[in-house]
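Each chain is listed here by its residues.
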Amino acid sequence: MDKRDGLAKIHDKWKKDCVCELKKTATQAVPGDGSPEARIVFIGEAPGRSEDEQGRPFVGAAGKFLEEMLSAIGMKRADVYITNIVKYRPPNNRDPLQDEKDACRLWLLEELNAISPELIIFLGRHAMNNFFPSEKISKAHGKLLIKEFNDVPTKFFFALYHPAAALYDGSMRETLMADFKKIPKVLEEIAKRKREEKPAKTLFDLS
Ligand code: URA
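Think of each chain on its own: its residues are numbered from 1, step by step along the sequence as written. At least 70 in pLDDT is required for a residue's local features to be given in this predicted model, at least 80 for side-chain atom pairs to be given and counted, and no such filter applies to totals for whole chains, interfaces and linings, which use all residues. Calculated side-chain values reflect all of the structure's heavy atoms, with hydrogen atoms and water omitted.

**Here we look at the overall build of the protein**
The test is simple: Numbering goes from the N terminus for both helices and strands, where a helix is a DSSP run of H or I of at least four residues and a strand is a run of E of at least two. Restricting the calculation to C-alpha atoms gives the radius of gyration, and the globule rule supplies 2.2 Å times the number of residues raised to the power 0.38. Working definition: with a 1.4 Å probe on protein chains only, accessible area under 20% of the residue-type maximum means buried, over 50% means exposed, and in between means partly exposed. Contact between two residues is taken to exist if any of their heavy atoms lie within 4.5 Å; hydrogens are not considered. Accessible surface area values rest on a Shrake-Rupley calculation with a 1.4 Å probe, where residue burial reflects the displayed protein chains alone. None of His or the chain ends enter the tally, which takes Lys and Arg as positive and Asp and Glu as negative. The atom standing in for a charge is NZ when the residue is Lys, CZ when it is Arg, CG when it is Asp and CD when it is Glu.
From N to C terminus, the protein includes nine helices and six strands. Radius of gyration (C-alpha) of the protein: 18 Å, near the 17 Å computed for a compact globule of 207 residues. The dimensions of the protein, computed from C-alpha atoms along their principal axes, are 70 × 45 × 30 Å. By residue count, 48% of the 207 residues in the protein fall in the buried class. Looking at the protein alone, contacts between residues at least 24 apart form 72% of all its contacts between residues at least 6 apart. Surface accessibility of the protein: about 11,000 Å² in total, with carbon and sulfur atoms responsible for 50%. Here the protein contributes 35 positively and 32 negatively charged side chains, and the mean placements of these two sets differ by 2 Å.

**Considering the site of the ligand**
The criterion, for reference: One heavy atom within 4 Å of a molecule or strand is enough for the residue carrying it to be called near that molecule or strand. As used in this structure description, the phrase polar contact means that two N or O atoms lie within 3.5 Å; if the pair is within protein, one of them must be able to donate a hydrogen and the other to accept it, and residues adjacent in sequence are counted only when both atoms belong to side chains. A cavity here means a set of points on a 1 Å grid, drawn over the protein atoms and nothing else, where a 1.4 Å probe fits but cannot get out; a pocket is an open set with protein on both sides within 12 Å along at least five of seven lines, and a residue lines either one if it has an atom within 4 Å of a point. More than half of a molecule's atoms within 2 Å of the grid points is what it takes for that molecule to sit in a cavity or pocket. Residues are grouped as follows: nonpolar covers Ala, Val, Leu, Ile, Met, Phe, Trp, Tyr, Cys and Pro; charged covers Asp, Glu, Lys and Arg; every other residue, Gly included, is treated as polar.
Lining the immediate environment of the ligand, one finds Gly44, Glu45, Ala46, Pro47, Glu51, Pro57, Phe58, Asn84 and His162. Glu45 places a main-chain nitrogen or oxygen 2.8 Å from an oxygen atom of the ligand. Here Phe58 contributes a backbone N or O atom positioned 3.0 Å from an oxygen atom of the ligand. If the ligand stood free it would expose 240 Å²; the protein chains cover 92% of that surface. Among the cavities detected, the one that contains the ligand is the largest pocket. Of the residues that constitute the shell around the ligand, the class distribution is four nonpolar, three polar and two charged.

**Quick word on the nonpolar core**
Heads up, the condition is: Residues grouped as a nonpolar core are buried Ala, Val, Leu, Ile, Met, Phe, Trp, Tyr and Cys residues, joined through side-chain atoms within 4.5 Å.
Counting residues in each nonpolar core, the largest one holds 37 residues, and the members touching the most others are Ile43, Tyr88, Leu112, Phe122, Phe131, Phe132 and Phe157. Elements with a minimum of two residues in this core: α1 (3-17), β2 (40-44), α4 (98-115), β4 (119-123), α5 (125-131), α6 (137-140) and β6 (156-160). Among the elements that make up this core, the one with the highest residue count is α4 (seven residues). Sequence-distant contacts of Leu112, defined by excluding residues within four places in its chain, comprise Val41, Ile43, Pro117, Ile120, Phe131 and Pro153. Counting 25 residues, the second largest nonpolar core, distinct from the first, contains Phe65, Leu66, Val80 and Ile121.

**Some details on the packing of α1 against α4**
Under the convention used in this document: Here the axes come from fitting lines to C-alpha atoms, over the contacting stretch only for helices, and the angles between their N-to-C directions go from 0 to 180 degrees. Orientation labels follow simple angle bins: below 35 degrees gives roughly parallel, above 145 gives roughly antiparallel, 65 to 115 gives roughly perpendicular, and whatever is left gives oblique.
Contact geometry for α1 and α4: axes closest at 9 Å, N-to-C directions at 175 degrees. The orientation of α1 relative to α4 falls into the category roughly antiparallel. Counted together, Lys3, Leu7, Ile10, His11, Lys13, Trp14 and Lys15 of α1 and Leu106, Trp107, Glu110, Glu111, Ala114 and Ile115 of α4 form the full contact between these two elements. Here the residues of the contact of α1 with α4 sort into seven nonpolar, one polar and five charged.

**Topic: the sheet that holds strand β3 (residues 81-84)**
Convention followed: For two strands to be treated as a pair, DSSP must find at least two bridges joining them.
One open sheet accounts for six strands, arranged β1-β3-β2-β4-β6-β5; its pairing is mixed. Each edge of the open sheet carries a strand with a single partner, namely β1 (33-34) and β5 (144-146). Taken together, the four bridges between β2 and β4 define a ladder with parallel strand orientation. The residue bridging Phe42 from the neighbouring strand is Ile121, located in β4.

This is the structure in structure tokens:
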């Protein structure tokens, strides 16, 4: 089974089996979307009104801004994979509750493992705190975070302010843009670290 079919199966299964209470009020599930071969997965918080209507993540104003930032580093939406920690819209876009995050966690982990990206980028503090509960976004944004989890397919993470929060705040918007432009360097740093992790000594039998 190729990655695209694998992801489709994961989404079909969890649309039926997910026990998130938000299912009762949302129009539909909003699974992740993008390239199954992506090197980067972006994780946001939860769908908003447009996402709930269309069944796709980041299709409203925040999504348009995300696409603009991707284009500033020479990437397109189709090159990456975009998802959320919670797959159903919370009423009136309130913050998702811990139970709702927990109910959607295995869905998120399965999609991450199906893609196996090199880098996971958190869009906002909710996404970051789902994996790094004690980090503060004001301190961690724009920095490479490295941690091994036994159920997550990469140990490399990068945190950004949420595009919806930065959209109408000039200074946060500038910081987000500057952090976003570090992404190519972050990928280079990951490649370098992976090269250096190779066994320092390789034996060549020359006899
Ligand atoms: N904000 C999010 O966190 N996710 C979306 O899908 C849209 C807006």
